[in-house]
Amino acid sequence: MNKIVFVGTAGAGKSTLTTAFDQWMHDNGHDCAIMNLDPGAEEMTYEPDIDIREWVRLEEVMRDYSLGPNGAQIVAADLLALNMDKLLDPIEKLDADYLLVDTPGQLELFAYRQSGKVVIDRLGADETVLAFVTEPGICKSPGGFVSSSMLFASVSFRFEIPALNIISKTDLIPSEELNRILGWATEESGLYDDLMDEDLRSAKAFSIELYKALQQVSAYSEMIPVSSKDRFGLEDIYTRIQDIFHGGEDLDRRIS
Ligand SMILES: Nc1nc2c(ncn2[C@@H]2O[C@H](COP(=O)(O)OP(=O)(O)OP(=O)(O)O)[C@@H](O)[C@H]2O)c(=O)[nH]1
Ligand SMILES: [Mg+2]
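Residues numbered from 1 in each chain as written. Chains lettered and ligands numbered in written order. Predicted model: local features only at pLDDT ≥ 70, side-chain atom pairs only at ≥ 80, totals over all residues.

Peer 1: Report on the overall build of the chain, specifying residues and quantitative values.
Peer 2: Looking only at helices and strands, the chain has 13 helices and 7 strands in total. Along the first, second and third principal axes, the C-alpha atoms of the chain reach 55 × 55 × 30 Å. The 256 residues of the chain split such that 39% are buried. For the chain, the proportion of contacts with a sequence separation of at least 24, taken over those separated by at least 6, is 74%. (Helix = DSSP H or I, 4+ residues; strand = E, 2+ residues; numbered from the N terminus. Buried ≥ 20, exposed ≤ 12 C-beta atoms within 10 Å, placed from the backbone. Contact = placed C-beta atoms within 7 Å.)

What follows is the structure, encoded as structure tokens:
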């Protein structure tokens, strides 16, 4: 089973995209299931087939360990890793070709703590792809774009599995602004010049050095523009996933 793990900054649109992509997959005849790994999720826009909250709930961790929400997220992330065995059994029983995995908003818990690595390893690194989700609110300024690219590079390099760089909520910005961001990602437009023009004072020097470091390790990656609201870009995600898993061949369509 191919797994697509949606990671990204808080509120970037991971859960909404998981919902929209699941609907797109079903509408296009692909068997797809959803696993929620956010122990603090409250209002859900989808019905998860597997839900970490059956084993770990943020409010219970807060109560049992006398912790505030941030401390509880850290404990919950570790409990999540410890409970992966319980999740693997229902995954094996799922009758689906694709599993969409929604993760908590705190990207740093997943990206930098050991628990994130345990989760990916247990899901099977060779059949998992990361869908990194960022949004215009973060990356429409040159400095913000570099910071978002740094987060993308961090998760890509740390997990050593293929990663898609997705910009969500594109319905919220004019197309010229979106094209400028997409141009930065492919280095077709002058990110360096735009950074130089940005009025950031000391942060400018930091962004420029970060920009150079990311360029040196070839961290810039084409972005997939998406709007879950307008159901735009969902097919592009599917196409890229097919590229990664099957070298571009759409097995589902070949069989049907
Ligand atoms: N306009 C617009 N709003 C969106 C889109 N995707 C998500 N949103 C909104 O952005 C907000 C956050 O979306 P979520 O899907 O909850 O984001 P998340 O990354 O799962 O958030 P956390 O799990 O809390 O980190 C919600 O109010 C969504 O309705 C989109 O494509 N367009
Ligand atoms: Mg969410």
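Now, onward.
Peer 1: Before we move on, could you go through the nonpolar core and cite the residues and values that matter?
Peer 2: Among the nonpolar cores identified, the biggest contains 64 residues, and F6, L100, L130, A131, F132, L164 and I166 are the most heavily contacted of them. By residue number, the principal contributor to this core is helix 8 (residues 142–159), which donates 7 residues. (Core = buried A, V, L, I, M, F, W, Y, C linked by C-beta atoms within 7 Å.)

Peer 1: Provide a residue-level description of the pairing of strand 4 (residues 98–102), including the pertinent values.
Peer 2: With 5 of 5 residues buried, strand 4 lies mostly within the body of the structure. Side chains of strand 4 alternate between two faces, with Y98, L100 and D102 and L99 and V101 buried alike. Across 5 bridges, strand 1 (residues 2–8) lies against strand 4 in parallel orientation. By the bridge assignment for strand 4, V5 is matched with V101. As paired strands, strand 2 (residues 32–36) and strand 4 are joined by 5 bridges and run parallel to one another. Across the sheet, M35 pairs through a bridge with V101, a residue of strand 4. (Pairing = 2+ DSSP bridges.)

Peer 1: Hey, could you go over unusual backbone geometry for me, with residue numbers and the actual values?
Peer 2: One non-glycine residue, E160, lies in positive phi territory at about 55 degrees. With respect to the helices, strands and loops of the structure, E160 is situated in the loop between helix 8 and strand 6 (163–167). A count of 10 C-beta atoms within 10 Å places E160 in the exposed class. Positive phi, normally seen in glycine, also occurs at R231, with a value near 55 degrees.

Peer 1: Residue-level account of the site of ligand 1, with values.
Peer 2: Near ligand 1 lie 17 residues; those nearest to it are G13, K14, S15, T16 and G105. In terms of residue count, the dominant contributor to the shell around ligand 1 is helix 1 (residues 14–27) (3 residues). Taken together, the residues that form the shell around ligand 1 break down as 3 nonpolar, 9 polar and 5 charged. (Near = placed C-beta within 6 Å. Nonpolar A, V, L, I, M, F, W, Y, C, P; charged D, E, K, R; others polar.)

Peer 1: An account of the pairing of strand 6 is needed here, citing residue identities and associated values.
Peer 2: For strand 6, the buried fraction is high: 5 of the 5 residues fall into the buried class. Two elements, strand 5 (residues 128–134) and strand 6, share 5 bridges in a ladder whose sense is parallel. Directly across from F132, in strand 6, lies its bridge partner N165. Both strand 6 and strand 7 (residues 223–225) contribute to a ladder of 3 bridges, which runs parallel. In the strand pairing of strand 7, I166 is matched with I224.

Peer 1: Explain the packing of helix 3 (residues 69–82) against helix 6 (residues 114–123) to me, and be specific about the residues and the numbers.
Peer 2: Contact pair helix 3 / helix 6: the axes reach a minimum separation of 9 Å and the direction vectors enclose 25 degrees. One element, helix 3, and the other, helix 6, form an angle in the roughly parallel class. As helix 3 runs across helix 6, the sense of the crossing is left-handed. Contacts between helix 3 and helix 6 involve A77, D78, L80 and A81 on the former and, on the latter, S115, V118 and V119. (Axes fitted to C-alpha atoms, helices over the stretch in contact; angles between N-to-C directions. Parallel < 35°, antiparallel > 145°, perpendicular 65-115°, else oblique. Left-handed = near helix turned anticlockwise from the far one by under 90°.)

Peer 1: Could you give an account of the sheet that holds strand 4, naming the residues involved and the relevant values?
Peer 2: Sheets are built from strands that pair by backbone hydrogen bonding, the pairs being arranged parallel or antiparallel. The 7 strands lie next to each other as 3-2-4-1-5-6-7, forming an open sheet whose pairing is parallel. Each end of this open sheet is capped by a strand with a single partner; those strands are strand 3 (50–51) and strand 7. Along the sheet, helix 9 (residues 175–185) contacts strand 6 and strand 7; its crossing angle with strand 7, the most-contacted strand, is approximately 160 degrees.

Peer 1: Residues and numbers for helix 8, please.
Peer 2: For helix 8, with 18 residues, the first-to-last C-alpha span of 26 Å sits near the 26 Å given by 1.5 Å per residue. Among the residues of helix 8, those classed as buried are P142, G143, F145, V146, S148, S149, L151, F152, A153, V155 and F159. With its phi angle positive at about 55 degrees, E160 sits one or two positions after the end of helix 8. (Expected span 1.5 Å × (residues − 1).)

Peer 1: Account for the packing of helix 2 (residues 58–65) against helix 3, with residues named and values stated.
Peer 2: Two elements in contact, helix 2 and helix 3, have axes whose closest approach is 9 Å; the angle formed by their N-to-C orientations is 105 degrees. Between helix 2 and helix 3, the angle is such that the two are roughly perpendicular. In this structure, helix 2 contributes L58, V61, M62 and Y65 to the contact, and helix 3 contributes P69, A72, Q73, V75, A76 and L79. Class assignment of the residues belonging to the contact of helix 2 with helix 3 gives a composition of 9 nonpolar, 1 polar and no charged.

Nothing here speaks to function; it is all geometry.
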